[in-house]
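Given next are the chains, with one letter for each unit.
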Amino acid sequence: VNPLAPDSSAPDPLTVALPKAIFATYYLGVVADRYEQVYEHFFEGNNTRRSDPLQIVLSPPPDFQVTSITAPPLAQSGIIARISYTVTNLGAGSPFGGGWVDRIYLARQSVFTPDSATLLRKEAFYRQMHPDSSYSVTRDIRLPEGIAGTYYLYVHTDADSSVFEFNADNNNVGRSDPIIFSISP
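Given the structure is predicted, the values throughout are model-derived calculations rather than measurements.

Peer 1: Give me the overall build of the chain: which residues, what numbers.
Peer 2: Scanning the chain for helices and strands turns up zero helices and 13 strands. The linear arrangement of helices and strands in the chain, starting from the amino end, is β-β-β-β-β-β-β-β-β-β-β-β-β. At 27 Å, the chain has a C-alpha radius of gyration far larger than the 16 Å of a compact globule built from 185 residues. Each of the 185 residues in the chain was classed as buried or not, and the buried ones make up 31%. Sequence separation of 24 or more characterises 71% of the internal contacts of the chain that already satisfy a separation of 6 or more. Only carbon and sulfur atoms are counted for the fraction: they give 53% of the accessible area of the chain, which is about 12,200 Å². Put simply, the chain has 13 plus and 19 minus side-chain charges, and the middle of one group is 12 Å from the middle of the other.

Take a look at the structure:
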């Protein structure tokens, strides 16, 4: 470290990475001689400085939506049925990274309530999802035994809210058309 002459400064440009998913007015703080290794007598109290306000703008977030679900209209309880669904990123941005989980449920109610639904399967994903991109999943899933009547298949994409969608994570559940179940002979 080179010593500073009186009334001089030493610019030290620094590049910093901002945390993801932040937006608002922020300030940068700088502390010189943090460990007080330079004797400054009465001037130790002026070693901190705050920047002018920095307006951080949120990058466009993704918006995952279940855009289609295909299930058989008639099914017998306990059989294996082929189920397909598609998830599309309808947002203006891509996820920041990491993965997410989709959950497939079966429920009698026409409005999704996880507590009253039966979890059939989980699907984990680690992939890039650019705006307007999508993925489709087709699985053979064993349906529950001993049920009859009208049911609905639900797909909850990003079920653990791992993907930052800002205020667009209220539309992550899709519902199939009604499935009429009969008890297997």
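Peer 1: An account of the nonpolar core is requested, with residue identities and associated values reported.
Peer 2: Judged by nonpolar contacts, the single largest core of 24 residues is most densely connected at Tyr85, Trp100, Tyr135, Leu153 and Phe181. Elements represented by at least two residues in this core include exactly β5 (64-70), β7 (80-89), β8 (100-107), β10 (134-142), β11 (149-156) and β13 (179-182). It is β7 that contributes the most residues to this core, four residues altogether. Apart from the residues lying within four places of it in its own chain, the contact partners of tyrosine 85 are Ser68, Ile69, Asp102, Ile104, Glu123, Phe125, Tyr135, Ser136, Val137 and Val155. Membership of the second largest hydrophobic core comes to six residues, among which are Tyr105, Phe112, Tyr152 and Tyr154.

Peer 1: Please give an account of the sheet that holds β7 that cites residues and values.
Peer 2: Taken together, three strands build an open sheet; the order of strands is β5-β7-β10 and the sheet is antiparallel. Only two strands of the sheet have a single partner each, and these edge strands are β5 and β10. Strand-to-strand twist across the sheet, computed as the mean angle between neighbouring axes with direction ignored, equals 25°. Here β5 pairs with β7 via six bridges, running antiparallel. The residue bridging threonine 70 from the neighbouring strand is serine 84, located in β7.

Peer 1: Describe in detail the packing of aromatic side chains, supporting the description with residues and values.
Peer 2: Per the counting criterion, the structure on display carries ten aromatic pairs. Ring centres 5.0 Å apart and planes at 40° place the aromatic pair phenylalanine 112 and tyrosine 154 in the tilted group. Within this pair, whereas phenylalanine 112 is found in the loop between β8 and β9 (118-125), its partner tyrosine 154 is found in strand β11, the two being separated by 42 residues in sequence. As far as the burial class goes, phenylalanine 112 and tyrosine 154 line up, both buried. Judged by centre distance (5.2 Å) and plane angle (75°), the ring pair of tyrosine 151 and phenylalanine 181 falls under edge-to-face. Placement of the pair is tyrosine 151 in strand β11 and phenylalanine 181 in strand β13, with a sequence separation of 30 residues. In this structure, tyrosine 151 and phenylalanine 181 share a single accessibility class: buried. Through pairs of rings, three or more aromatic residues link up here, namely Phe23, Phe96, Phe164 and Phe166.

About the cut-offs
Residues numbered from 1 in each chain as written. Predicted model: local features only at pLDDT ≥ 70, side-chain atom pairs only at ≥ 80, totals over all residues. Heavy atoms only, no water. Helix = DSSP H or I, 4+ residues; strand = E, 2+ residues; numbered from the N terminus. Rg over C-alpha atoms; globule rule 2.2 N^0.38 Å. Buried < 20%, exposed > 50% of the residue type's maximum accessible area, 1.4 Å probe, protein only. Contact = heavy atoms within 4.5 Å. Areas by Shrake-Rupley, 256 points an atom, 1.4 Å probe, with all protein chains shown as cover. Lys, Arg positive; Asp, Glu negative; His and termini not counted. Charge placed at Lys NZ, Arg CZ, Asp CG, Glu CD. Core = buried A, V, L, I, M, F, W, Y, C linked by side-chain atoms within 4.5 Å. Pairing = 2+ DSSP bridges. Axes fitted to C-alpha atoms, helices over the stretch in contact; angles between N-to-C directions. Phe/Tyr/Trp six-rings, centres within 6.5 Å; stacked < 30°, edge-to-face > 60°.

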